[in-house]
Amino acid sequence: MRIGVPKEIKNNENRVGMTPAGVAELIKHGHTVAVQHTAGENSGFPDEQYIKVGASILPTIEDVYAFADMIVKVKEPIAPEYPLIRKGQLVFTYFHFASDEELTQAMIKSGAVCLAYETVQLPNRALPLLIPMSEVAGRMATLNGAYFLQKTKGGKGKLIGGVPGVKPAKVLVLGGGIVGEAAARTAAGMGADVTITDISLPRLRQLDLETPPNIHTLYSNEHNIRQQLPDVDIIIGSVLIPGAKTPFLITRDMLKEMEPGTVLVDVAIDQGGCFETSHPTTHSEPTYMVDGILHYAVANIPGAVPNTSTTALTNATLRYAVALADKGWQQACKDDPALFLGLNVVEGKVTYKAVADTWGLPYEPITL
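1. Topic: the side chain of R203
Relative to the assigned elements, R203 resides in helix α7 (residues 201-210). In this structure, R203 is in contact with G176, G177, E181 and D198, ignoring residues within four places of it in sequence.

2. Section: the pattern of salt bridges
For side chains of opposite charge, pairing can occur when their charged atoms come near one another. Applying the stated criterion across every chain, the model contains 20 salt bridges. Across the pair E76 and K75 runs a salt bridge whose closest N-O atoms are separated by 3.6 Å. Considered together, E76 and K75 belong to a single accessibility category, that of buried residues. Each of K10, K75, E76 and D270 takes part in a single network of salt bridges with overlapping partners.

3. Remarks on the pairing of strand β7 (residues 170-174)
Most of β7 sits out of view: four of its five residues are buried. For β7 and strand β8 (residues 193-198), the ladder comprises five bridges, and the chain directions are parallel. Looking at the pairing, L172 lines up with T195 of β8. Of the crossover connections in this fold, the one passing from β7 over helix α6 (residues 178-189) to the parallel β8 is right-handed. In this structure, β7 lies alongside strand β10 (residues 234-237), joined through four bridges in parallel fashion. If you follow L172 over to β10, its bridge partner there is I235.

4. Quick word on a nonpolar patch on the surface
Taken together, the side chains of L159, V163 and V166 present a nonpolar region at the surface, about 270 Å² in accessible area. Mapped onto the elements, V166 comes out in the loop between α5 (131-148) and β7.

5. Considerations on the environment of P286
Within the secondary structure, P286 sits in the loop between β11 (263-266) and β12 (287-290). Sequence separation between P286 and M1 is 285 residues, and the spatial gap between their C-alpha atoms is 39 Å. If near-sequence neighbours (up to four positions away) are discounted, P286 is found in contact with F148, T281, H295, Y296, A297 and V298.

6. Examining the environment of T262
Looking at where T262 falls in the secondary structure, it is placed in the loop between β10 and β11. Among the polar contacts listed, one links the side chain of T262 to the backbone oxygen of E259, at a separation of 2.7 Å.

7. As for unusual backbone geometry
Its identity is not glycine, yet N12 carries a phi of approximately 55 degrees, on the positive side. For N12, a relative accessible area of 36% puts it in the partly exposed group. Despite not being glycine, R125 shows a phi value in the positive range, around 75 degrees. In this fold, R125 is placed in the loop between β6 (113-116) and α5.

8. Here we look at the packing of α5 against α6
Running from N to C, α5 and α6 point in directions that differ by 35 degrees, and their axes come no closer than 7 Å. Crossing of α5 against α6: the hand is right-handed. Contacts from I131, S134, E135, G138, R139, T142 and L143 in α5 reach I178, V179, A182, A183, T186 and A187 in α6. Broken down by class, the residue content of the contact of α5 with α6 amounts to seven nonpolar, four polar and two charged.

9. Notes on the state of the cysteines
Taken as a whole, this structure holds zero disulfides when the rule is applied. The thiol of C114 is unpaired, and the distance to the nearest cysteine sulfur, on C333, comes to 12 Å.

10. Points about the sheet that holds strand β13 (residues 293-296)
With mixed pairing, seven strands are arranged side by side in an open sheet as β9-β8-β7-β10-β11-β13-β12. One side of each edge strand has no neighbouring strand; the edge strands of this open sheet are β9 (215-219) and β12. Recorded for the sheet is a direction-independent mean angle of 20 degrees between the axes of neighbouring strands. Against the sheet, α7 engages β8 and β9, with an angle of about 170 degrees to β9.

11. What about the packing of aromatic side chains?
For the structure shown, the criterion picks out five aromatic pairs. Taking the centre distance of 5.0 Å and the plane angle of 85 degrees together, the rings of Y147 and F148 count as edge-to-face. Residue Y147 is classed as partly exposed on the basis of its relative accessible area, which comes to 38%. Between the aromatic rings of F148 and Y296, the centroid separation amounts to 5.7 Å while the plane-to-plane angle is 40 degrees, which identifies the pairing as tilted.

12. Comments concerning the nonpolar core
Soluble globular proteins tend to pack their nonpolar side chains together in the buried interior. If you look at the biggest cluster of nonpolar residues, it comprises 72 residues, and the most contacted ones within it are F92, L115, V171, V194, I236, L324 and L339. Ranked by residues supplied to this core, first place goes to helix α9 (residues 306-327) with eight residues. Ignoring anything within four residues of it in the chain, the contact list for L324 reads M1, M70, L90, F92, L115, W329, A332 and L339. Listed in part, the 27 residues of the second largest apolar core include Y82, A106, A112 and A244.

The rules behind these values
For every chain, the first residue of the written sequence is number 1, and numbering continues from 1 along that sequence. The predicted nature of this model means local features are confined to residues of pLDDT at least 70 and side-chain atom pairs, given and counted, to a pLDDT of 80 or more, with totals for whole chains, interfaces and linings taken over all residues. Water and hydrogen atoms were dropped before computing side-chain values, which therefore reflect all heavy atoms in the structure. A run of H or I in DSSP becomes a helix once it reaches four residues, and a run of E becomes a strand once it reaches two; helices and strands are each numbered from the N terminus. The contact criterion used throughout is that any non-hydrogen atoms of two residues lie within 4.5 Å. Here, a salt bridge means any side-chain nitrogen of Lys or Arg that lies within 4 Å of a carboxyl oxygen of Asp or Glu. For every residue, the accessible area obtained with a 1.4 Å probe (protein chains only) is divided by the maximum for its type, and the residue is called buried under 20%, exposed over 50%, and partly exposed between those limits. Any two strands between which DSSP finds at least two bridges are classified as paired. Look down the strands so they point away from you; if the path from the first strand over the helix to the second goes clockwise, the crossover is right-handed. Note on patches: the residues involved have over 30% relative accessible area and no salt bridge, like charges join within 9 Å, and the nonpolar side chains Val, Leu, Ile, Met, Phe, Trp and Tyr join within 5 Å. The accessible surface values rely on the Shrake-Rupley method and a 1.4 Å probe; as for residues, cover is taken only from the protein chains in view. In the analysis that follows, any N or O atom pair within 3.5 Å is treated as a polar contact, provided that within protein one partner can donate a hydrogen and the other can accept it, and provided that, for residues neighboring in sequence, both atoms belong to side chains. Angles shown run from 0 to 180 degrees and are taken between the N-to-C directions of axes, each axis being a line fitted to C-alpha atoms and, for helices, limited to the stretch in contact. It is the rotation of the near helix from the far one that decides the hand of a crossing: anticlockwise by less than a right angle makes it left-handed, clockwise makes it right-handed. Throughout this entry, Asp, Glu, Lys and Arg are counted as charged residues, while Ala, Val, Leu, Ile, Met, Phe, Trp, Tyr, Cys and Pro are counted as nonpolar. The remaining residues, Gly among them, count as polar. When two cysteine sulfur atoms are found within 2.5 Å, that pair is recorded as a disulfide. The pairing test for Phe, Tyr and Trp rings, Trp by its six-membered ring, is centres within 6.5 Å, and the orientation test on the planes gives stacked under 30 degrees, edge-to-face over 60, and tilted for anything in between. Among the buried residues, those of types Ala, Val, Leu, Ile, Met, Phe, Trp, Tyr and Cys that are joined through side-chain atoms within 4.5 Å form a nonpolar core.

Here is the structure:
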């Protein structure tokens, strides 16, 4: 199979779809890989490393899309890429269709096979291709929250861990999944007073047993969340419903219950955000204010640490990419129920129910 790795063109997206080590494995399986010129440079992987393992380097993104049977990338295609994607082409990446109707319609129109990292799901409901980026995003959410809590950045002017004789900051983490646990552990490690919420009592019990003593668990409902707001310093939103739009857990009216300079970090922004006042931001302009409350809603948080993120992502995606290349997407998805669940849009049809429901589109389950 001919596999293309284009350069990411989303704002400040420094990751690349595959490391040289991943490319080497695909070539070992007899496939041909073309990487766009400088695609891996910002992740610390110059062209020479890809050439050394046997990849060819193509000068433009148009060349890569025209060459490839399968595109392997990181972020969802954006408008300049839409016309480059052709009927029957397999695109293997994060899509987050439920947060972007224009993208959904463009991929339907393209006739491509859109296999989304974020909905590949194991029988135990784990999301193996989302986990590595969730681990990065959770840690980064806390680091960024602590940074923007500085008065010079718009926050309250508190040090997240305090100092002897001064209480630490209070951090509220909404959602006890991979992102939430990573965020809570990082905040706890920095000395914060952390509360993590979830609607799953078994998950709260697990977190209570396994996390440091400065992490407290709380059942998630509106009443309990509102009680935390008057003296909270950082709120990290990490709620996920696979493939579907995220519900709002912090509404506009709740902002008036917080102190000015409170920092909201919406890691769920890829799926529409879990704060009503959130809208996607970029690494170049990461924050904005609403009613005196600072919002951070960068849609590609792991892009700030691309070497770590690209390596972690390739570690997770490679076995699936090899299966798709070796067998073709139909047989690979037939053989692996987890990979099958990644099929969101196939040759003009919406094949993932949550996406169809979000945009009021016909749901057409695929049979292989």
